[in-house]
Amino acid sequence: MAAILAVLEQRNGEVKRVSHEVLSAARSLADGMGVEVHALVIGPGGTNVDGLGAFGADKVLVAADDSLQLYQAHRYAYIAASAAGDCSAVLIAGTSMGRDLGPRIAARMGAPYFNDVKSLEGSGEISITRPMYSGKAIATVKITASPCVLSVPPNAFAPVEAGKAGAVEEVAVPEAVEPARATTVNVKEPETAVLDVSESAIVVSGGRGIKEESDFKVVEELAAALNGAVGASRAVVDNGWRSHSEQVGQTGKTVSPNLYIALGISGAIQHLAGMRGSKVIVAVNKDPDAPIFKVADYGIVGDVMEVAPRLTEEVKKLSEG
Amino acid sequence: MKIAVCVKRVPDTEARIKVGGDGKSIEESGVKFVLNPFDEYAVEEALKLKEAAGGGEIVVISLGTDANQETMRTALAMGADKGILLKAEVTAPDSLAVAKALAAELKAGEYDLVLFGKLAVDDGCHAVGPMVAELMELPCVSSISSLEIADGKGTAEREIEGGIEVVEFSLPAILTTEKGLNEPRYPALKGIMMAKKKPLETKEVTLEGSGVELTALAYPPERKEGRIVGEGPDAVPALVDALKNEAKVL
Ligand SMILES: Cc1cc2nc3c(=O)[nH]c(=O)nc-3n(C[C@H](O)[C@H](O)[C@H](O)COP(=O)(O)OP(=O)(O)OC[C@H]3O[C@@H](n4cnc5c(N)ncnc54)[C@H](O)[C@@H]3O)c2cc1C
Ligand SMILES: Nc1ncnc2c1ncn2[C@@H]1O[C@H](COP(=O)(O)O)[C@@H](O)[C@H]1O
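Treat the numbers as computed from the prediction; the structure is a model and nothing was measured.

Moving on, we come to the pairing of strand β9 (residues 126-132) of chain A. All names here are of chain A. In terms of burial, β9 is a largely internal element, 5 of the 7 residues being buried. Sheet topology note: the strand β8 (residues 119-121)/β9 ladder contains 3 bridges and is antiparallel. Across the sheet, the residue bridging to Glu121 is Ser127, located in β9. The hairpin formed by β8 and β9 contains 4 residues between the paired strands, and Gly122 there has a positive phi angle of roughly 140°. Direction of pairing for β9 relative to strand β10 (residues 137-143): antiparallel, over a ladder of 7 bridges.

What follows is the structure in structure tokens.
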């Protein structure tokens, strides 16, 4: 029977945590079908692929070449589609790379593609669930075609230890056969590394309830104390206080952290679209009727400038205590 | 420069979504439909490129039913020159089927640049642009937040986790647009009047389904009722206690 291919992601030669989630999702599907999981890692020479067996890989295919250090869409797609061969499904993470690469692999294979897959099962035909209309509805889709390409969002599947062999096998890296269509020449990184909202287990977001740009530090301080990422509503992104990369919502990022704290955010439908999948939601708002309280597990009615610093203080006590 | 922009008709982001009687689709009556918000950035970018070049043609292409004409008129009112409606009934979200139909039309048009939104806010597939690019064997950069084009070459930036990727490509090419690329203009009254007279051609197409079937559409599970822990900063210790001992997230 044909294997499940999990296309993993590396940054600077280290496999990302989100790839362990993809492996675990692939493992659960493969166990249902009674087939193997093959992991594919595309990256620079010396990419560290140790320990992938522990997350469920029977075999680890490595396409390593220094020209593959950065994400080169077209070459990655070519390598992945070749490695997918007669696999029955290809799984990938819904990161900025996966959201670009997944559809490309699918188009090359002539296979259907779905992103945002929240659950998947099946032994012959695969059945998936995924949100539609920005999470206002959940669709169940039956995939009768084989193979298919599926992308799973970060934080939807917990990494599970599985103890498989994870035997490493080098795969040939084809010369850039076709003329390079597009080349990633550089990745600009900020001087101090920032946690990305879509990948962090804790997100602290601020909205227009914060009146001054300088006051946004109460959000940053709480995020720092919790080791979480800073998020923002569109209102504060559009007025130029925060970068779009931090925006949560329909036209920003979709997040599903363990803990989401909304500070001075009203809870507009487009904001909820991006965060209602969070496991625990906390809201601080001075208006007891703010819609955000309808989705919050815990709320405090009050002034963000008073509540947030106190919360930072208490969290620090907890981690010191 | 000849630019195509692919646009989709989607429910307004404010719209309440009601699942229809068949349990597979939404109730459309009473729902306001709009030009997909991400496609507005694509239309705007095309207009800016045309203005900078001092000429060119912008063609908007939409796949769907006659109702899509209204959506296309919005793009024409913003300043696009003509429209092509590919008439077909699209049922299950089937990005590959849509991509194949669009690719066939785009091939015939010989465009220098084809713009897409990064995703359509109805099915949220985030797929059609890069799929079309692979089918047409064209360079493609998705979710771009900045763009420069000169002498048949382009440089685009796209946000990735913790950084910004810089990608160089040659034309013809395919790009998908992210919020932040530009500020889409509102159609002026004059534009709306002119749009009514702009050519809008209709072509019948047949979709080649790729083996997917939407079997059920349901409402998301309700979040369980939350509670207000208290008022003001004095409520903080109780909140921290609940997060630590009840929710176990600290
Ligand atoms: C097509 C489209 C896409 C959109 N996409 C997004 C998106 O991706 N993300 C997004 O967030 N929005 C999006 N929006 C915008 C959205 O509709 C709202 O306008 C936005 O989310 C409001 O941001 P906010 O909650 O910060 O501000 P407001 O709605 O102004 O809310 C501020 C809140 O702060 C509270 N407050 C005021 N003072 C204090 C205080 N001192 N202490 C505590 N609380 C206080 C108020 O009670 C209020 O509830 C989109 C809109 C459209 C049309
Ligand atoms: N039916 C359609 N007609 C024209 N363009 C479409 C259609 N569906 C999707 N697109 C384009 O593809 C982009 C991404 O859509 P999707 O992959 O469905 O999220 C949209 O922003 C549009 O630019």
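Backbone torsion omega between Ser146 of chain A and Pro147 of chain A reads 5°, so that peptide bond is classified as cis. One can find Pro147 of chain A in the loop between β10 and β11 (148-152). Look at the link from Leu171 of chain B to Pro172 of chain B: it is a cis peptide, with omega at 0°. Tracing the backbone through its elements, the reader meets Pro172 of chain B in the loop between β9 (163-170) and β10 (173-177). Even without a glycine there, the phi angle at Asp116 of chain A is positive, about 55°. When you line up the elements, Asp116 of chain A lands in the loop between β7 (113-114) and β8.

Summed over the entire model, instances satisfying the criterion amount to 2 aromatic pairs over all chains. Seen from their ring centres, Tyr71 of chain A and Tyr76 of chain A are 5.1 Å apart, and the 85° between their planes marks the pair as edge-to-face. Of the two residues, Tyr71 of chain A and Tyr76 of chain A, neither departs from the other in class, the shared state being buried. Centroid distance Phe38 of chain B to Tyr41 of chain B: 6.2 Å. Interplanar angle 55°. Geometry classified as tilted.

Definitions and cut-offs
Residues numbered from 1 in each chain as written. Chains lettered and ligands numbered in written order. Predicted model: local features only at pLDDT ≥ 70, side-chain atom pairs only at ≥ 80, totals over all residues. Heavy atoms only, no water. Buried < 20%, exposed > 50% of the residue type's maximum accessible area, 1.4 Å probe, protein only. Helix = DSSP H or I, 4+ residues; strand = E, 2+ residues; numbered from the N terminus. Pairing = 2+ DSSP bridges. Phe/Tyr/Trp six-rings, centres within 6.5 Å; stacked < 30°, edge-to-face > 60°.

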